[in-house]
Amino acid sequence: MNTYFNEMLMWVNKQGFMIKGIEIDWKKLVFEERVKMNCFYCAKYNVSWKCPPKLPELDYPKMFSEFEHAAFIYVELPLEKDYELVRKNSSLQLHHAMLACEKWLYEHDNSTALSFIGGSCKLCKNGCAPGHCANPYQARVPVEALGINVVKSAQAYGIKIIFPPKKFMMRIGLLLW
């Protein structure tokens, strides 16, 4: 792990987040159309401002090639009795940690850093506003919405995601800089 990346992880964890991270080669990400199709069956489809079909039509692999670095950032929370609460909290914890990573990168001369979260955006307590995103500067797009098979892609780096989760809920985001 390079020192720069390690410094960022340490800073973010000092902010109160318990994240782990591993630098990756974005070319090893597994893009699959079937992953995007799964979005169609999600309750957030055409509801969340950061989920399909409300995303820009971009060539994501081409966009990724414009960045020098990529990393998986992830959290693991123990599954307690309230599965839905842990599911939401893990998503929010990762989301806020990804924003902290972006902030650190911005403050270290990386103004174009981007992050993608694990699962749909859950920033708004009562769901998305009907006419526009209420948090356009903080809301982020899910990794899965780009068509990335997170399970296969993470497995290439020794990160094992188990479905259904039994002991821990894992959320994985993608950071580019």
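Here, the structure is the one placed above.
Criteria and thresholds
- Numbering of residues starts from 1 in every chain and runs along the sequence as written.
- Thresholds applied to this predicted model are a pLDDT of at least 70 for local features of residues and 80 or more for the giving and counting of side-chain atom pairs; totals over whole chains, interfaces and linings are not thresholded and use all residues.
- For the side-chain quantities, the full set of heavy atoms in the structure was used; hydrogens and water were omitted.
- Numbered from the N terminus, helices here are DSSP runs of H or I no shorter than four residues, and strands are runs of E no shorter than two.
- Note on method: radius of gyration uses C-alpha positions; expected globular size equals 2.2 Å times residues raised to 0.38.
- When accessible area is computed with a 1.4 Å probe and restricted to protein chains, residues below 20% of their type maximum are described as buried, those above 50% as exposed, and intermediate ones as partly exposed.
- Any pair of residues with heavy atoms lying within 4.5 Å of one another is described as a contacting pair.
- We get accessible surface area from the Shrake-Rupley algorithm with a probe of 1.4 Å; when it comes to residues, only the shown protein chains can shield them.
- We count Lys and Arg on the positive side and Asp and Glu on the negative side, and we leave His and both chain ends out.
- A charge is said to be at NZ when it belongs to Lys, at CZ for Arg, at CG for Asp and at CD for Glu.
- Here a cavity is any set of points on a 1 Å grid over the protein atoms alone where a 1.4 Å probe fits but cannot get out, and a pocket is any open set with protein on both sides within 12 Å along at least 5 of 7 lines; a residue lines the site when it has an atom within 4 Å of a point.
- Grid points are joined across faces, edges and corners, and a volume is the space filled by probe spheres set on the points.
- We call Asp, Glu, Lys and Arg charged. Ala, Val, Leu, Ile, Met, Phe, Trp, Tyr, Cys and Pro are nonpolar, and the rest, Gly among them, are polar.
- Side-chain atoms alone can form a polar contact between residues adjacent in sequence; in general such a contact is a pair of N or O atoms within 3.5 Å, and within protein one must be able to donate a hydrogen while the other accepts it.

Side note on the overall build of the chain
Part 1: Within the chain, the secondary structure is distributed over 5 helices and 4 strands.
Part 2: Starting at the N terminus, the α and β elements of the chain follow one another as α-β-α-α-β-α-β-α-β.
Part 3: Relative to its length of 177 residues, the chain is compact, with a C-alpha radius of gyration of 15 Å against a globular reference of 16 Å.
Part 4: For the chain, the spread of C-alpha atoms along the three principal axes comes to 40 × 40 × 30 Å.
Part 5: Counting only residues that meet the buried cut, the chain has 45% of its 177 residues in that class.
Part 6: Across the chain, contacts joining residues at least 24 apart in sequence account for 79% of those joining residues at least 6 apart.
Part 7: If you sum the accessible surface of the chain, you get close to 10300 Å²; carbon and sulfur atoms cover 55% of it.
Part 8: Seen as two clouds, the 22 positive and the 17 negative side-chain charges of the chain have centres 8 Å apart.

Some thoughts on the layout of surface pockets
Part 1: Computed from the structure, the second largest pocket encloses a volume of approximately 340 Å³.
Part 2: Contributing to the lining of the second largest pocket are 19 residues, with Lys-36, Pro-52, Glu-57, Tyr-60 and Ala-145 lying nearest its centre.
Part 3: Counting only elements with at least two residues in the lining of the second largest pocket, the list comes to α2 (33–40) and α3 (60–64).
Part 4: Tallying contributions element by element places α2 first for the lining of the second largest pocket, with 5 residues.
Part 5: Among the residues making up the lining of the second largest pocket, the classes are represented as 14 nonpolar, 1 polar and 4 charged.

Considering the side chain of Arg-140
Part 1: For Arg-140, the location among the structural elements is in the loop between β3 (114–116) and α5 (150–155).
Part 2: There is a polar contact of 2.8 Å between the side chain of Arg-140 and the side chain of Glu-102.
Part 3: If sequence neighbours within four positions are ignored, Arg-140 has contacts with Lys-50, His-95, Leu-99, Glu-102, Ser-115, Ile-117 and Cys-121.

Some thoughts on the side chain of Asn-149
Part 1: Mapped onto the fold, Asn-149 is located in the loop between β3 and α5.
Part 2: Side-chain polar atoms of Asn-149 contact the side chain of Glu-32, separated by 3.0 Å.
Part 3: Among the polar contacts listed, one links the side chain of Asn-149 to the backbone nitrogen of Lys-152, at a separation of 3.0 Å.
Part 4: The residues contacting Asn-149, other than those within four sequence positions of it, are Val-30, Glu-32, Arg-34 and Val-35.

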